[in-house]
Amino acid sequence: MTDRIIAADVILTSPGRNYVTLKLRTADGLTGYGDATVNGRELAAASYLRDHVAPLLIGLDPARIEDTWQYLYRGAYWRRGPITMAAISAVDLALWDIKGKTAGLPVYQLLGGAVRDRVLSYTHASAWELPELLDAIDARRADGFKAVRAQSGVPGLETVYGVHAGGGYEPAKRGAVPVTESWDTDAYLRHVPDVLNAVREHVGPELALLHDAHHRLTPQQAARLGRSLEPANLFWLEDVTPAENQEALRLVRQHTTTPLAIGEVFNSIYDCKDLITGQLIDYIRVAVAHAGGISHLRNIFALADLYQVKAAPHGPSDVSPVSFGASVHVGLSTINFGIQEYMGYDALAHEVFPHSWSFADGYLHPGDAPGLGVEVDEALAAKFPYEPAYLPVARRLDGSMTDW
Ligand code: GCO
Ligand code: MG
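The shown structure was predicted, so the numbers you read here are calculated from the model rather than taken from an experiment.

### Remarks on the pairing of strand E1 (residues 5-13)
Piece 1. Two elements, E1 and strand E2 (residues 19-26), share eight bridges in a ladder whose sense is antiparallel. Note on E2: the bridge partner recorded for Leu12 is Val20.

### Quick notes on the site of ligand 1
Piece 1. Around ligand 1, 15 residues are found, and the nearest of them are Tyr161, His214, Glu264, Asp318 and Glu341.
Piece 2. The contact in question runs from an oxygen atom of ligand 1 to an N or O atom on the side chain of Tyr161, over 2.7 Å.
Piece 3. Here an oxygen atom of ligand 1 sits 3.0 Å away from a polar atom, N or O, in the side chain of Asp212.
Piece 4. Notes on ligand 1: free accessible area 340 Å², of which the protein chains cover 95%.
Piece 5. In the shell around ligand 1, the residues fall into four nonpolar, four polar and seven charged.

### A short note on the coordination of the magnesium ion (ligand 2)
Piece 1. At 2.0 to 2.2 Å from the magnesium ion (ligand 2) lie its protein donor atoms, namely Asp212 (OD), Glu238 (OE) and Glu264 (OE).
Piece 2. Site description for the magnesium ion (ligand 2): donor spacing in sequence, D-x25-E-x25-E. Residue Asp212 is located in strand E8 (residues 208-212), and its partner Glu238 is located in strand E9 (residues 236-238); the two are separated by 26 residues in the primary sequence. Across the pair, exposure class does not vary: Asp212 and Glu238 are buried alike.

### Comments concerning the nonpolar core
Piece 1. Ranked by internal contacts, the top residues of the largest apolar core, which has 120 residues, are Leu49, Ile284 and Ile294.
Piece 2. Of all the elements, helix H3 (residues 82-103) adds the most residues to this core, at 11 residues.
Piece 3. Taken domain by domain, this core gets at least three of its residues from each of domain 1 (5-104) and domain 2 (110-402).
Piece 4. Excluding anything up to four places from it in sequence, Ile294 contacts Asp92, Leu93, Trp96, Val107, Leu111, Val288, Ala326, Val330 and Leu372.
Piece 5. Counting residues in hydrophobic clusters, the runner-up holds 11 residues, among them Leu210, Phe235, Trp236 and Ala312.

### Regarding the packing of helix H6 (residues 185-203) against helix H7 (residues 219-228)
Piece 1. Packing of H6 against H7 leaves a shortest axis separation of 10 Å and a crossing angle of 15 degrees. Taken together, the axes of H6 and H7 lie roughly parallel to each other. The element H6 and its partner H7 pack so that their crossing is right-handed. In contact with Thr185, Asp186, Tyr188, Leu189, Val192, Pro193 and Asn197 of H6, H7 contributes Gln221, Arg224, Leu225 and Ser228.
Piece 2. Its residues assigned to classes, the contact of H6 with H7 comprises five nonpolar, four polar and two charged.

### Focus on H3
Piece 1. With 22 residues, H3 extends 31 Å from end C-alpha to end C-alpha; this agrees with the ideal 32 Å at 1.5 Å per step.
Piece 2. Of all 22 residues in H3, 17 are buried, a share of seventy percent or more.
Piece 3. Phi for Gly104, located one or two positions after H3, is positive at around 70 degrees.

### Observations regarding the sheet that holds E1
Piece 1. Across the sheet, three strands lie side by side as E1-E2-E3; this open sheet has antiparallel pairing. The open sheet is flanked by E1 and strand E3 (31-35), the only strands paired with a single partner. Neighbour-to-neighbour, the strand axes of the sheet open up by a mean angle of 20 degrees, direction not taken into account.
Piece 2. Sheet analysis places E2 next to E3, joined by five bridges and oriented antiparallel. Across the sheet, residue Leu22 finds its bridge partner in E3, namely Gly34.
Piece 3. Contacts between helix H1 (residues 42-57) and the sheet are confined to E1 and E2, with E1 contributing the most and set at about 175 degrees to the helix.

### Some points on the sheet that holds strand E7 (residues 180-183)
Piece 1. Strand order in the open sheet formed by three strands is E7-E17-E18, with mixed pairing between adjacent strands. The outermost strands of the open sheet, each flanked by one partner alone, are E7 and strand E18 (401-402).
Piece 2. In terms of strand pairing, strand E17 (residues 393-396) meets E18 through two bridges, oriented antiparallel. Across the sheet, Arg395 pairs through a bridge with Met401, a residue of E18.

Rules behind the numbers
- Residues numbered from 1 in each chain as written.
- Chains lettered and ligands numbered in written order.
- Predicted model: local features only at pLDDT ≥ 70, side-chain atom pairs only at ≥ 80, totals over all residues.
- Heavy atoms only, no water.
- Pairing = 2+ DSSP bridges.
- Helix = DSSP H or I, 4+ residues; strand = E, 2+ residues; numbered from the N terminus.
- Near = heavy atom within 4 Å.
- Polar contact = N/O pair within 3.5 Å; in protein donor to acceptor, adjacent residues only side chain to side chain.
- Areas by Shrake-Rupley, 256 points an atom, 1.4 Å probe, with all protein chains shown as cover.
- Nonpolar A, V, L, I, M, F, W, Y, C, P; charged D, E, K, R; others polar.
- Donors = N, O, S within 2.8 Å, 3.2 Å for Na, K, Ca; no water.
- Buried < 20%, exposed > 50% of the residue type's maximum accessible area, 1.4 Å probe, protein only.
- Core = buried A, V, L, I, M, F, W, Y, C linked by side-chain atoms within 4.5 Å.
- Domains from an automatic or database assignment.
- Contact = heavy atoms within 4.5 Å.
- Axes fitted to C-alpha atoms, helices over the stretch in contact; angles between N-to-C directions.
- Parallel < 35°, antiparallel > 145°, perpendicular 65-115°, else oblique.
- Left-handed = near helix turned anticlockwise from the far one by under 90°.
- Expected span 1.5 Å × (residues − 1).

Worth remembering: the numbers are spatial, not functional.
Have a look at this one:
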């Protein structure tokens, strides 16, 4: 007899930062977990799941992953968007988790098996001043990382994207309203090429270096930055322009050979297709937690493969260890996978979400536990209730709002 979903519950917990986890249970006694965390909008994703999705799932056959995906996507009528797609992602991940547990196999085996032995990762190094940034990069290399994203401060500004005093970087701050940061693109453009060229000189030719401009430049500024960073031989330059105006990437592309990455805020294949088919990017950054789960990510990555665009999923601390593990299963089994971001987690998050995925010598592996290999210690999770926390916002020096 086919199994049935008998319960769909949302677990909101804040072990270091907020996470939204979907827990599905089946009549056969299996449990599947999914992640629907949308940084700063957690309660909206939780409500969408609890109020609009959970009731639809009860009684469904958990084996029918694709049919359930289509039901939630087509059946919503108001399709796409970050909240809807995060909720669909969570259901998709929980169903893949259950399918793996039913089969007694890790999810990557259900995706065709490993096409590589381990999954390359990159992490963050950030510091306001160059000497401290070089120290931070050396520390990441000592941890084994073969690829590091470097972010520095900008003279004249007090706070910028990607940098915190003290090393670690967690942009969301607890509190009822976002903090305001300042921004001056000219000051950034005057400073950052020297920083990245100095970093390259310090680390030598081999270390893969990445940089995130976090949606802040005009197309022309982005083109100029890409060109001025060519001596630093970046692995990629990320999110140079806001993602809404995709034509911008065409202009950037015409002027620089610096590889381009974009897509962490995308939530469907329709956001990706023009950039991929137009060969305007080199890496597509969609995350399993935000772009429809494993099922939809595989479609996006298959399209990308036709154009030699590589998969490079978003992996900040604001996607939970559940979807992070899922992403590593996809990485291990996807031929055009490029690199997995691994920002790292608070020690408490590792405890609340015990996982089979592991990191060693710069590479990740999903482990061989059945399903996704990530569980939830619910008793511990309950000790860390949700607390409002927001990403900052940014204003230019004249006080006007700009992209954060
Ligand atoms: C990255 C991202 C993050 C985002 C954060 C927003 O490349 O990892 O840009 O740092 O800012 O995930 O929630
Ligand atoms: Mg980014």
